[in-house]
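Close look at the chain arrangement
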Amino acid sequence: MRKRAAKKRPLLPDPKFNDQLVTRFVNNMMWDGKKSVAFKVFYDAIEIVDEKNQDEEKTALELWKDALSNVMPHVEVRSRRVGGATFQIPRQIRPDRKISTAMKWLILFARKRNEKSMAQKLAAEILAASKEEGAAVKKRVDTHKMAEANKAFSHFRF
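Residues numbered from 1 in each chain as written. Predicted model: local features only at pLDDT ≥ 70, side-chain atom pairs only at ≥ 80, totals over all residues. Heavy atoms only, no water.

Structural notes on helix 5 (residues 118–130)
One turn of the α-helix equals 3.6 residues, which is why residues spaced by three or four share an orientation. The condition is simple: Here a strand is any run of E in DSSP of at least two residues, a helix any run of H or I of at least four, and the numbering for each starts at the N terminus. How far a helix is expected to stretch is found by multiplying one less than its residue total by 1.5 Å. To sort residues, take the accessible area from a 1.4 Å probe on protein chains only and compare it with the maximum for the residue type: under 20% means buried, over 50% means exposed, and anything in between is partly exposed. Note on contacts: a residue pair qualifies if any of its non-hydrogen atoms lie within 4.5 Å across the two residues.
Under the 1.5 Å per step criterion, the end-to-end length of helix 5 is 18 Å for 13 residues, consistent within 8% with the ideal 18 Å. Along helix 5, eleven of the 13 residues are buried, which leaves the element largely enclosed by surrounding structure. Those residues of helix 5 lying buried are A119, K121, L122, A123, A124, E125, I126, L127, A128, A129 and S130. Those residues of helix 5 that are buried lie in contact with helix 1 (20–29), helix 2 (35–52), helix 3 (60–71), helix 4 (95–112) and helix 6 (135–149).

Structure (structure tokens):
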């Protein structure tokens, strides 16, 4: 490698829950550098999750973390050219990439929902993902199926 790996910048924990993971999620969700707006959307979504939550022994933040872990993929397929043919090669995912992929999928599929506000969309997607349903979880299942189907090419791993 010519370039060295980029330094990991320390993230400040969020003001309400004092959690770095929340800040990371909000940074992913933010548009046009509007962090305060993104924080408001996230906190509103967490409040909606808290209201709709039937499971009394879990807090809304714990439900969000469950949702994230339910969306996290463990393997993915990478394209690789071998002798003129392109193969989809299944690979393990690094832990930090697992988290960021899960966040991106959760946000992407929340945006595609058709509730009124982004907070409601996100809350609905969090609740669905915590019950192992919804579009983000389906994406993870599909990714795992792709990796399973292409397991025969795993000897081309690089």
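Details of the pattern of salt bridges
As a working rule, side chains carrying opposite charge can pair if their charged atoms are close by. The condition is simple: A pair is scored as a salt bridge if a Lys or Arg side-chain nitrogen falls within 4 Å of a carboxyl oxygen belonging to Asp or Glu.
If you walk through the whole model with that rule in mind, you get twelve salt bridges. A salt bridge links K58 to D66; the shortest N-O distance between them is 2.5 Å. Relative accessible area serves as the criterion here: at 31%, K58 is assigned to the partly exposed category. Here E76 ties to R97 by a salt bridge, and the two come within 2.8 Å at their closest N and O atoms. Separated by 21 residues along the polypeptide, E76 in strand 1 (residues 75–82) and R97 in helix 4 bring together distant segments of the chain. Given a relative accessible area of 30%, R97 falls into the partly exposed group. The network of salt bridges with shared partners includes K8, R94 and D96.

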